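The primary structure of each chain is shown beneath.
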Amino acid sequence: MDSEIAASIDEDHRSRRRHNLVLLGVAALVVAIDQLTKWWALETLENRTIDLVWTLRLNLVYNTGAAFGLAQDWDTVIAVVALLFVIVVAWASWGGRRLAMPPVLLGMVLGGAIGNLADRAVRAGDGFLGGAVVDFIDLQWWPVFNAADSAIVVAGIILVLIAPRYRQIQAVDEADEQREPGGFGESDEPDGP
């Protein structure tokens, strides 16, 4: 019995560790891609625009608002919300909790938030985290954005689409864990006197 509980706890720790490693790896990849592409945009697009296909062009813009240039006057509030998101995810994930979201998608959102926060921290601006975010992907019929914005939006759309199904899978997994011998939902004691 004790070995079963120990094995269950050990498997839970391994599962959380895998979850956190995937989350961290994806977040780091998104930050790296975001910062490398922004560096390239700053080096290449300072004095020119590159037309690619149809209305897609690469055009350097400094954004003090939210994603896609929205809420220009809310730069500090947006930065604080993004910072709080990063802190909550870090606290929950490394504090022994596994967030009920796929780690790849959570990592995309986390990496995007960190990428844009990095811009706000190092670019000249007014006040706390008041720097501008580098945007350069310009469709000309949609606000200009960057790789971090793309990661956040794509992950957000997928999360909305899979949320009902993912919750069902999580509920079934939790119910199965409780029905296993030694689990919280079942007693090892025989029924009756």
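A brief structural summary. Just so it is clear, the model here is predicted, and its values are computed rather than measured.

## Topic: the overall build of the protein
1) Next: Helix and strand counts for the protein come out as four helices and three strands.
2) Next: Counting helices and strands in the order they occur from the N terminus, the protein gives α-β-β-α-α-β-α.
3) Next: For the protein, buried positions account for 34% of its 193 residues.
4) Next: In the protein, of all internal contacts separated by at least 6 residues, the share reaching a separation of at least 24 is 65%.
5) Next: For the protein, the exposed area adds up to about 11,900 Å²; of that, 65% sits on carbon and sulfur atoms.

## Considering the side chain of N116
1) Next: Position of N116 relative to the elements: it lies in helix α3 (residues 103-122).
2) Next: The buried category is assigned to N116, whose relative accessible area is 11%.
3) Next: Not counting chain neighbours up to four residues away, the residues in contact with N116 comprise D34, K38, V133, N146, A148 and D149.

## Details of the pattern of salt bridges
1) Next: The tally for this structure, following the rule as stated, stands at three salt bridges.
2) Next: Residue K38 pairs with D34 through a salt bridge whose shortest N-O separation is 2.8 Å. You can see K38 and its partner D34 sitting in helix α1 (residues 2-44), four residues apart, about one turn around the helix.
3) Next: The class of D34 is buried, set by a relative accessible area of 0%.
4) Next: D119 is paired through a salt bridge with K38; the nearest N and O atoms lie 3.0 Å apart. Of this pair, D119 sits in helix α3 while K38 is found in helix α1, placing the two residues 81 residues apart along the sequence.
5) Next: On the basis of relative accessibility, which here comes to 0%, the residue D119 falls in the buried class.
6) Next: According to the relative accessible area criterion, K38 is buried, its value standing at 0%.
7) Next: Among the charged side chains, a network of salt bridges with common partners joins D34, K38 and D119.

## Examining the nonpolar core
One broad trend across soluble globular proteins is that nonpolar side chains are buried collectively.
1) Next: In this structure, A41, L45, I50, L58, L60, V134, F136, I137, L139 and F145 together form the largest nonpolar core, which totals ten residues.
2) Next: Counting only elements with at least two residues in this core, the list comes to β2 (57-63) and β3 (133-138).
3) Next: Examining the composition of this core, we find that three residues originate from one element, β3, more than from any other.
4) Next: Counting eight residues, the second largest nonpolar core, distinct from the first, contains V26, L105, M108 and V109.

## Looking at the pairing of β3
1) Next: Of all the six residues making up β3, six are buried; the element is thus mostly covered by neighbouring parts of the structure.
2) Next: Two elements, β2 and β3, share five bridges in a ladder whose sense is antiparallel. Counted as the bridge partner of L58 is I137 from β3.

## Concerning α3
1) Next: Between the first and last C-alpha of α3 there are 28 Å, a value that for 20 residues agrees with the 28 Å anticipated at 1.5 Å per step.
2) Next: Where burial is concerned, most of α3 is hidden: 15 out of the 20 residues are buried.

## Quick look at the sheet that holds β3
Each strand in a sheet pairs with another by means of backbone hydrogen bonds, the pair being arranged parallel or else antiparallel.
1) Next: Taken in spatial order, the three strands line up as β1-β2-β3 in an open sheet, and their pairing is antiparallel. With partners counted over all chains shown, the strands left at the sheet margins are β1 (50-51) and β3, one partner each.
2) Next: In this sheet, β2 lies alongside β1 in antiparallel orientation, the contact comprising two bridges. Looking across to β2, one finds that D51 is bridged to R57.

Cut-offs used in this document
Residue numbering note: each chain is counted from 1, following its sequence as written. Reporting of local features is limited, given that this is a predicted model, to residues whose pLDDT is at least 70; pairs of side-chain atoms are given and counted only at 80 or more, and all residues count toward the totals for whole chains, interfaces and linings. In computing side-chain properties, one takes all heavy atoms of the structure into account and sets aside hydrogens as well as water. Here a strand is any run of E in DSSP of at least two residues, a helix any run of H or I of at least four, and the numbering for each starts at the N terminus. Residue burial is assigned from relative accessible area. The probe radius is 1.4 Å, only protein chains are included, and a residue is buried under 20% of its type maximum, exposed over 50%, and partly exposed in between. Note on definitions: a residue-residue contact is assigned when non-hydrogen atoms from the two residues lie within 4.5 Å. Throughout, the Shrake-Rupley method with a 1.4 Å probe supplies accessible areas, and for residues the shown protein chains are the sole cover considered. Should a side-chain nitrogen of Lys or Arg be within 4 Å of a carboxyl oxygen of Asp or Glu, the pair is scored as a salt bridge. Here, nonpolar core refers to any group of buried Ala, Val, Leu, Ile, Met, Phe, Trp, Tyr and Cys residues whose side-chain atoms link them within 4.5 Å. Whether two strands pair depends on DSSP finding at least two bridges between them. Helix span is expected to be 1.5 Å times the residue number reduced by one.

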